[in-house]
Amino acid sequence: QVQLVESGGGLVQAGGSLRLSCAASGRTFSSYAMGWFRQAPGKEREFVAAISWSGGDTYYAHSVKGRFTISRDNAKNTVYLQMNSLKPEDTAVYYCAGSVYPQAERVPGVYPYWGQGTQVTVSS
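Residues numbered from 1 in each chain as written. Predicted model: local features only at pLDDT ≥ 70, side-chain atom pairs only at ≥ 80, totals over all residues. Heavy atoms only, no water.

Visitor: I tried to follow the overall build of the protein chain on my own but got confused; where do I start?
Guide: Regarding its fold elements, the protein chain presents 0 helices and 11 strands. In the protein chain, the order of α-helices and β-strands from amino to carboxyl end is β-β-β-β-β-β-β-β-β-β-β. Its C-alpha atoms give the protein chain a radius of gyration of 13 Å, within 12% of the compact-globule value 14 Å for 124 residues. Across the 124 residues in the protein chain, those meeting the buried criterion constitute 41%. When contacts within the protein chain are restricted to residue pairs at least 6 apart in sequence, those whose partners lie at least 24 apart make up 59%. (Helix = DSSP H or I, 4+ residues; strand = E, 2+ residues; numbered from the N terminus. Rg over C-alpha atoms; globule rule 2.2 N^0.38 Å. Buried < 20%, exposed > 50% of the residue type's maximum accessible area, 1.4 Å probe, protein only. Contact = heavy atoms within 4.5 Å.)

Have a look at this one:
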C-alpha cells in the first residue's frame, strides 16, 4: 500500500509564493522518481515537474520553468514544490505522483501512485 499526502496549498495573491509538500509511505521512497502534476477546471491534467530518485535530475514544464523548483529529502520521505512568482493561470489542484522507475519522466502514464491533491488558488 502506497500513500502520498500533499499539503501546503492555499490562496495567494499573484506574485506570491507557496511551498507544497508530499509525504510518502508504504514503499521504498528513495528508489523512485517523483513528480508534480496539476489540473485546472475544464482542462486536462498537465505535467509540472519531476525529479529522479536521487534528486540529481529535474525536469519542468515550460510554463513553470524558472519559477518553480522541485526537490526531495529521501531521509524524510518527502518531495517539495517551491512555487514563486505565482500567476492566476497557476490556479489548479496539484497532485503528487510516484513513479515505478528511478528516472524522472514527463508523462503521467509512468506514475501509478497519486495523492489526493491540494488546491492552489492565485488571485489577481
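The rest of the description comes next.
Visitor: Whenever I open this one, the environment of Ser54 confuses me. Can you help?
Guide: Summarising the element assignment, Ser54 is placed in the loop between strand S5 (46-51) and strand S6 (58-60). For Ser54, a relative accessible area of 43% puts it in the partly exposed group. It is 24 Å that separates the C-alpha atoms of Ser54 and Asn84, two residues lying 30 residues apart in sequence. Here Gly56 takes part through its backbone nitrogen, which lies 3.3 Å from a polar atom of the side chain of Ser54. (Polar contact = N/O pair within 3.5 Å; in protein donor to acceptor, adjacent residues only side chain to side chain.)

Visitor: Could you clarify how one ought to interpret the pairing of strand S9 (residues 92-98) in this entry?
Guide: Consecutive side chains of a regular strand alternate in pointing toward one face of the sheet and then the other. Most of S9 sits inside the fold, with 5 of its 7 residues counted as buried. Where strand S4 (residues 34-39) lies against S9, 6 bridges are found, and the strand directions are antiparallel. Of the residues in S9, the one forming a bridge with Trp36 is Cys96. As defined by bridge partners, S9 adjoins strand S10 (residues 113-114) across 2 bridges and the pair is classed as antiparallel. Across the sheet, the residue bridging to Gly98 is Tyr113, located in S10. (Pairing = 2+ DSSP bridges.)

Visitor: It is not clear to me how the side chain of Ser52 should be interpreted in this structure. Could you clarify?
Guide: Mapping Ser52 onto the fold places it in the loop between S5 and S6. Not counting the four nearest positions on each side in its chain, Ser52 is found in contact with Ala33, Asp57, Arg72, Pro102 and Ala104.

Visitor: Got a minute to help me understand the state of the cysteines in this structure?
Guide: Two cysteines whose sulfur atoms are joined by a covalent bond form what is called a disulfide. Applying the stated criterion across every chain yields a total of 1 disulfide. Linked covalently through their sulfurs, Cys22 and Cys96 form a disulfide whose S-S length is 2.0 Å. The chirality of the disulfide connecting Cys22 with Cys96 is left-handed, given an S-S dihedral of about -80°. Pair noted here: Cys22 is in strand S3 (residues 18-25) and Cys96 is in strand S9, with a separation of 74 residues, a long-range link. Each member of the pair, Cys22 as well as Cys96, is classed as buried. (Disulfide = S-S within 2.5 Å.)

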